[in-house]
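# Structural characterization, general
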Amino acid sequence: MTKVGLQLPNFSFGLPDDQMFDRVAAMATSAEGAGFDSLWVMDHFFQLPALGGADQPILEAYTLLGALAARTERVQLGTLVTGVTYRNPAMLAKIVTTLDVISKGRAILGLGAAWHDLEHLAMGFGFPAVKERMDRLEEAVQICRAMFDADHTSFQGSYYQTDDVRNVPRPVQARIPIMIGGGGEKRTLKLVAQYADACNIGGDETTVAHKIAVLHEHCAAIGRDPKEIAVTRFAAVFRTGSADETGATREMVTAMAGEESAAGFDIGTDDEILTRLARLVEAGVDEFILVYPFASPDDLAAQDTFIADIRGLRG
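Calculation criteria
Residues numbered from 1 in each chain as written. Predicted model: local features only at pLDDT ≥ 70, side-chain atom pairs only at ≥ 80, totals over all residues. Heavy atoms only, no water. Helix = DSSP H or I, 4+ residues; strand = E, 2+ residues; numbered from the N terminus. Rg over C-alpha atoms; globule rule 2.2 N^0.38 Å. Buried < 20%, exposed > 50% of the residue type's maximum accessible area, 1.4 Å probe, protein only. 1 Å grid on protein atoms, 1.4 Å probe; cavity = no way out; pocket = protein on both sides within 12 Å on 5 of 7 lines; lining within 4 Å. Points joined across faces, edges and corners; volume = space filled by probe spheres on them. Axes fitted to C-alpha atoms, helices over the stretch in contact; angles between N-to-C directions. Parallel < 35°, antiparallel > 145°, perpendicular 65-115°, else oblique. Left-handed = near helix turned anticlockwise from the far one by under 90°. Contact = heavy atoms within 4.5 Å. Phe/Tyr/Trp six-rings, centres within 6.5 Å; stacked < 30°, edge-to-face > 60°. Lys NZ or Arg CZ within 6 Å of the ring centre and 35° of its normal. Polar contact = N/O pair within 3.5 Å; in protein donor to acceptor, adjacent residues only side chain to side chain. Core = buried A, V, L, I, M, F, W, Y, C linked by side-chain atoms within 4.5 Å. Nonpolar A, V, L, I, M, F, W, Y, C, P; charged D, E, K, R; others polar.

Assigned secondary structure in the protein consists of twelve helices and twelve strands. Radius of gyration (C-alpha) of the protein: 19 Å, near the 20 Å computed for a compact globule of 315 residues. In terms of principal-axis extent, the alpha carbons of the protein reach across some 60 × 50 × 35 Å. For the protein, with 315 residues in total, the buried portion stands at 52%.

Moving on, we get to empty space enclosed by the protein. Think of a ball as big as a water molecule: rolled over the atoms, this probe shows where empty space is left. Going through the model one piece at a time under the given rule, you end up with one cavity of 30 Å³ or more. In this structure, the largest cavity occupies an estimated 40 Å³ of space. Around the largest cavity, the lining residues are Gln 7, Leu 8, Pro 9, Asn 10, Phe 13, Met 27, Tyr 292, Pro 293 and Ala 295.

Bringing unusual backbone geometry into the picture now. Put simply, Leu 80 and Val 81 share a cis peptide bond, and its omega is -20°. Its place among the elements puts Val 81 in the loop between β3 (76–79) and β4 (82–83). Cis peptide bonds are those with omega within 30 degrees of zero, and the linkage from Val 168 to Pro 169 qualifies with 10°. You can see Pro 169 is positioned in the loop between β7 (161–166) and β8 (178–181). For Lys 104, which is not a glycine, the phi torsion comes out positive at approximately 60°. Position of Lys 104 among the secondary structure elements: in the loop between α3 (89–102) and β5 (109–112). You will see that Asp 164, though not glycine, has its phi angle at about 50°, which is positive. As for its position among the elements, Asp 164 is in strand β7. Note on Asp 164: relative accessible area 30%, which makes it partly exposed.

As a packed pair, helix α6 (residues 188–195) and helix α7 (residues 205–222) sit with axes 9 Å apart at the nearest point and diverge in direction by 50°. As the angle between them shows, α6 and α7 are arranged oblique. Note on packing geometry: the crossing formed by α6 with α7 is right-handed. In this structure, α6 uses Leu 189, Lys 190, Val 192, Ala 193 and Gln 194 to contact α7, whose residues at the interface are Lys 211, Val 214, Leu 215, His 218, Cys 219 and Ile 222.

Applying the stated rule across the entire model yields five aromatic pairs. Judged by centre distance (5.0 Å) and plane angle (80°), the rings of Phe 45 and Tyr 86 are edge-to-face. Remark: Tyr 86 occurs in the loop between β4 and α3 and Phe 45 occurs in the loop between β2 (38–41) and α2 (61–71); sequence separation between them is 41 residues. What links up through ring pairs into an aromatic cluster is the set Phe 45, Tyr 86 and Phe 125. If you follow Arg 239 out to its NZ or CZ, it ends over the ring of Phe 306, 4.2 Å from the centre.

Let's shift gears to the side chain of Asp 43. Relative to the elements of secondary structure, Asp 43 occurs in the loop between β2 and α2. Given a relative accessible area of 1%, Asp 43 falls into the buried group. Engagement of the side chain of Asp 43 in a polar contact is seen with the side chain of Thr 82, the distance being 3.3 Å. For Asp 43, the side chain forms a polar contact with the side chain of Arg 87, separated by 2.7 Å. Other than its neighbours up to four places away in sequence, Asp 43 contacts Ala 61, Thr 79, Val 81, Thr 82, Gly 83, Tyr 86, Arg 87 and Glu 119.

Counting 79 residues, the largest nonpolar core has Phe 36, Leu 137, Leu 290 and Tyr 292 as its most contacted members. In this view, Leu 290 contacts Val 4, Gly 5, Leu 6, Gln 7, Phe 36, Ala 235, Val 237, Phe 306, Ile 307 and Ile 310; residues no more than four positions away in its chain are not counted.

What follows deals with the side chain of Ser 103. Inspection of the secondary structure puts Ser 103 in the loop between α3 and β5. Of the polar contacts made by the side chain of Ser 103, one reaches the backbone oxygen of Leu 99; its length is 2.8 Å. Once residues within four sequence positions are removed from consideration, Ser 103 is found in contact with Ala 69 and Leu 77.

Attention shifts here to the layout of surface pockets. Its boundaries defined by the atoms lining it, the largest pocket holds a volume of some 1600 Å³. If you trace the largest pocket, you find 50 residues lining it, with Gln 7, Leu 48, Trp 115, Phe 234 and Phe 265 closest to the centre. Broken down by element, the residue count for the lining of the largest pocket peaks at five residues, all from strand β10 (residues 230–239). Class assignment of the residues belonging to the lining of the largest pocket gives a composition of 30 nonpolar, 15 polar and five charged. Within this model, the second largest pocket holds a volume of roughly 190 Å³. Lys 3, Gln 76, Ala 198, Ala 230 and Glu 287 are, among the 13 residues lining the second largest pocket, the residues nearest its centre. Tallied by class, residues from the lining of the second largest pocket come to seven nonpolar, two polar and four charged.

Below, the structure is given as structure tokens:
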């Protein structure tokens, strides 16, 4: 069965700040009731330009996920994705383990090399070159995996070290999944093949099929079965009721996000979108992570039939 996740990217609800979390929690419980399998938030400290930029509200990811763990019962919970530069990886492993305990075994660690230079510089993190960020990502994945899997662990890397670090209490899950986000073919997908339980890629059918083929090549090179790695695909969804509405929506989205980004969004009638997703399932996608940037709790609750149709794309 194909899985369906939901990302919650937007916190501009026009509400007082002390009502913001209640609105997010209502969205999470509505999504869970509608049949979504997983719930994701961005790990950013400044809102992204497409959603209004740095002056718009955004909540810290792991504090939010811990609170949502107490309000939900079934959905998996994770970031899409944590920037490796934002937290010491041993501390990150402890945070995600705590989320797993609070949620009774529903945590996922999403991790990536980070990209948003503006918030790095504003927050004082520093923003190293891409090679260093990728090197840090490889070390961080190893530390987190070791701390999830063992009570005591030590690691000596070029950027991170641990010395008999304890991780108690232990995760509830036998294996907390690690997702690596990004579609870089030389390094990112190679790291997925080496270390990850899941990957997250975006784009249209041709792009996604190509990225999956590259991932399989990396798996073959190290003798790993690609079936061990869940393929997730992230896209904004714009459901329309007619060809005219589809055309107008596509023009609007292209003007806002650019032609390249809009090509990876799912815009159309339900039948058109489901046909596209079916082709992606055939290419190897296991889970679709959807984003409705301006949805209300009622909007998400009304997705139940659509979600059921997506889940049925793989028998």
